[in-house]
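Each chain, letter by letter, is given below.
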Amino acid sequence: MQDTPKGLRLHIGLFGRRNVGKSSLMNALVGQSVSIVSDLAGTTTDPVEKTLEMAPLGPIVFVDTAGLDDVGAVGEMRKQRSLQVLDRVDLGIVVATPEGLTDYERDVMALLTERKTPFLLVFNKCDLGAPPTECLAELDRDKVVHVRASATEAQALDQIKEALFHLAPENPVDEPRLIGDLLSPGDTVVLVVPIDLGAPKGRLILPQVQTIRDVLDSDASCVVVKERELADTLSKMTVRPRIVVCDSQVVLKASADTPPEIPLTTFSILMSRFKGDMIRLAHGAGAINALRPGDRVLITESCSHHSLADDIGRVKIPRWLRQFAGGDLQTDVVAGKDFPDDLSPYALVVQCGGCMVTRKMVLHRQYLAGRQNVPMTNYGMAISQVQGVLERTLACFPAALDAFRSGARRPN
Ligand SMILES: Nc1nc2c(ncn2[C@@H]2O[C@H](COP(=O)(O)OP(=O)(O)OP(=O)(O)O)[C@@H](O)[C@H]2O)c(=O)[nH]1
Ligand SMILES: [Mg+2]
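Just so it is clear, the model here is predicted, and its values are computed rather than measured.

Draft legend 1. Expanded view of the sheet that holds strand β11 (residues 296-301). Pairing within the open sheet is parallel, and its four strands lie in the order β12-β11-β13-β14. Bordering the open sheet on either side are β12 (330-335) and β14 (376-378), each of which pairs with just one other strand. The sheet shows a mean angle of 25° between the axes of neighbouring strands, direction not considered. Where β11 and strand β13 (residues 348-351) come together, four bridges link them in parallel fashion.

Here's what the structure looks like:
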């Protein structure tokens, strides 16, 4: 679960007065006892970080802080530490109690607003009472998103996660690395790009161009070939390429033509880190092994501008899945922004990994599928899996490979 570089994770800070239950709330959301909790004010002194995957947000870092109303010289230093955290989080949780708001909450909300950092106000300890109505009215008037919760009673935790998801900035982090984190300066990468009827005229598609750019940004070099030239090109290379990246549609041939000591992956697998939660998509791919004749599969296609994309989602993937399951499957295809509320009829959801989908949209679909215990994967992983090469194409992402194996053992 730890293969996302920290810089790519959404950082969420918890702020509030001492004893309001910041640490309790973080522990409840995380489902672990990470931060020390006690009824003594001032329990948390230095910021405490917890890195994890949390649906529907994906990879995140929670930062628990010391109370903003801390007193004395050391208290003032702790308070400054907490305020420094404000500057490095993508999202804030301001924790208050049902007694209502004080200047501490108002000040920290103003600081977050000043930094254009979205935040959620959580009234914790709502097992003890409800916040004053005039306070709620004020918040509604100011359009402050707020949730009433209880860390100790585990109340409204899902509501908090949903609200955070909707508040999260679309691109919370620096430009993500597509392949650069797998490379060292001087490495050579071989890219396998089929030029068939589906290829756009006169150019390459975005994931291919982005990969080339990222290779160059990493001070590495790349060789771009069609699948037919791959074996010949590899045999002529005097240095072993660091990795071969191919289009999913030619993964079987690329796998046969790439010697086993050279890592191989696909453009869609590289993209799946940025178009969803790669680890959980890999876990979902494991469920392909459990497909049986008669099962129903939902294919969700987000773009409709590409004739070949229809062909992949509507014809090729259903056919490959049928062959893999050894009998007929019922495949339903939904396009665009449609996504059924009720996924219970489905044994698997396969989402296109395409250029039109945002990470946030896929994460939300993964979250909805996860809540209904329906495994979900994407086109690229499904294609590699039905061709029998997913173990190989995931090998450069060990956490994803582990997730796939555990999904294959025990779907979802
Ligand atoms: N009744 C009730 N008590 C809670 C709740 N959440 C936390 N507490 C209690 O409030 C006390 C303080 O909780 P902490 O989580 O340590 O609070 P904190 O905001 O992290 O405090 P500092 O680290 O001192 O700033 C503890 O005794 C908790 O058990 C809640 O939802 N309901
Ligand atoms: Mg604390």
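Draft legend 2. Representation of the side chain of Arg365 in the model. On the secondary structure map, Arg365 appears in helix α12 (residues 359-371). Here Arg365 falls in the buried class, since its relative accessible area comes to 4%. Residues contacting Arg365, with those up to four places away along its chain left out, are Thr300, Ser302, Gly336, Lys337, Asp338, Phe339, Gln351 and Met376.

Draft legend 3. A look at the site of ligand 1. Around ligand 1 there are 24 residues in total, and Lys22, Ser24, Gly42, Thr43 and Thr44 lie nearest to it. Here an oxygen atom of ligand 1 sits 2.8 Å away from a polar atom, N or O, in the side chain of Ser23. Here an oxygen atom of ligand 1 and a backbone polar atom of Ser38 are 3.3 Å apart. Notes on ligand 1: free accessible area 650 Å², of which the protein chains cover 88%. Looking at side-chain class alone, the shell around ligand 1 contains six nonpolar, 12 polar and six charged residues.

Draft legend 4. The coordination of the magnesium ion (ligand 2), seen in detail. Taken together, Ser23 (OG) and Thr44 (OG1) make up the protein donors of the magnesium ion (ligand 2), found 1.9 to 2.1 Å from the metal. Taken together, the residues Ser23 in helix α1 (residues 22-30) and Thr44 in the loop between α1 and β2 (48-54) connect sequence positions 21 residues apart. Thr44 matches Ser23 in its accessibility class, with the two residues each being buried.

Draft legend 5. Structural context of the nonpolar core. If you look at the biggest cluster of nonpolar residues, it comprises 42 residues, and the most contacted ones within it are Ile179, Met381 and Leu394. Elements represented by at least two residues in this core include exactly β7 (188-192), α6 (206-217), β9 (243-246), α9 (267-272), α10 (278-285), α12, α14 (390-394) and α15 (398-409). There are two domains that each give this core at least three residues, and those are domain 2 (180-269) and domain 3 (277-409). Counting 29 residues, the second-largest nonpolar core is a separate cluster that includes Ile60, Ile93, Leu120 and Val122.

Draft legend 6. Region of interest: the side chain of Lys22. Within the secondary structure, Lys22 sits in helix α1. Notably, Lys22 is buried but unbridged: the nearest opposite-charge side chain belongs to Asp64, and the N-O separation is 5.7 Å. In terms of polar contacts, Lys22 uses its side chain to reach the backbone carbonyl oxygen of Arg17, at 2.7 Å.

Draft legend 7. Seen up close, the sheet that holds strand β4 (residues 91-96). Strand order in the open sheet made by the six strands is β2-β3-β1-β4-β5-β6, with mixed pairing throughout. One side of each edge strand has no neighbouring strand; the edge strands of this open sheet are β2 and β6 (146-148). Each strand of the sheet is rotated relative to its neighbour by a mean of 25°, with strand direction disregarded. Sheet topology places strand β1 (residues 10-16) next to β4; five bridges connect them, and they run parallel. Residue pairing for β4: Gly13 is matched across the bridge by Gly92. Strands β1, β2, β4, β5 (119-123) and β6 of the sheet are contacted by helix α5 (residues 157-167), whose axis makes an angle of about 160° with β5.

Draft legend 8. Region of interest: the pattern of salt bridges. If you walk through the whole model with that rule in mind, you get 17 salt bridges. A salt bridge links Arg273 to Asp181; the shortest N-O distance between them is 2.7 Å. Taken together, the residues Arg273 in the loop between α9 and α10 and Asp181 in the loop between α5 and β7 connect sequence positions 92 residues apart. Several salt bridges converge on common partners, so that one network encompasses Arg18, Asp69, Asp70 and Arg78.

Draft legend 9. Highlighting unusual backbone geometry. Of note, the amide linkage connecting Ala55 to Pro56 takes the cis form, showing an omega dihedral of -5°. Within the element layout of this structure, Pro56 appears in the loop between β2 and β3 (58-64). Even without glycine at this site, Asn19 takes up a positive phi of about 70°. Along the polypeptide, Asn19 turns up in the loop between β1 and α1. Not every positive phi belongs to a glycine, and Lys125 is a case in point at roughly 65°. Within the element layout of this structure, Lys125 appears in the loop between β5 and α4 (133-141).

The rules behind these values
Each chain carries its own residue numbering, running from 1 in the direction its sequence is written. Written order determines the labels here, with chains lettered from A and ligands numbered from 1. Reporting of local features is limited, given that this is a predicted model, to residues whose pLDDT is at least 70; pairs of side-chain atoms are given and counted only at 80 or more, and all residues count toward the totals for whole chains, interfaces and linings. Note that water and hydrogens are dropped before the side-chain values are worked out from all heavy atoms of the structure. Two strands pair under a simple rule: DSSP has to find at least two bridges between them. What counts as a helix is a DSSP run of H or I of at least four residues, what counts as a strand is a run of E of at least two, and both are numbered from the N terminus. Angles run from 0 to 180 degrees between N-to-C directions of axes, and those axes are lines fitted to C-alpha atoms, restricted for helices to the stretch in contact. Residue exposure (1.4 Å probe, protein chains only): buried if accessible area is under 20% of the type maximum, exposed if over 50%, otherwise partly exposed. Any two residues whose heavy atoms approach within 4.5 Å are treated as being in contact. By convention in these notes, a residue is near a molecule or strand provided one of its non-hydrogen atoms lies within 4 Å of it. Each polar contact in these results corresponds to two N or O atoms within 3.5 Å; when the atoms are within protein, one needs to be able to donate a hydrogen and the other to accept it, and residues that are neighboring in sequence are counted only if both atoms are side-chain atoms. Method for areas: the Shrake-Rupley scheme with a 1.4 Å probe, in which residue coverage is limited to the protein chains shown. Throughout this entry, Asp, Glu, Lys and Arg are counted as charged residues, while Ala, Val, Leu, Ile, Met, Phe, Trp, Tyr, Cys and Pro are counted as nonpolar. The remaining residues, Gly among them, count as polar. Note that water is not among the atoms used; donors are N, O and S atoms within 2.8 Å of the metal (3.2 Å for Na, K and Ca), so sites may look incomplete. Side-chain atoms within 4.5 Å link the members of a nonpolar core, which is a set of buried Ala, Val, Leu, Ile, Met, Phe, Trp, Tyr and Cys residues. An automatic or database domain assignment supplies the start and end points of every domain. For this count, His and the chain ends are skipped, Lys and Arg are scored as positive, and Asp and Glu as negative. We define a salt bridge as a side-chain nitrogen of Lys or Arg found within 4 Å of a carboxyl oxygen belonging to Asp or Glu.

Take it as geometry only, folks, not as evidence of what the structure does.
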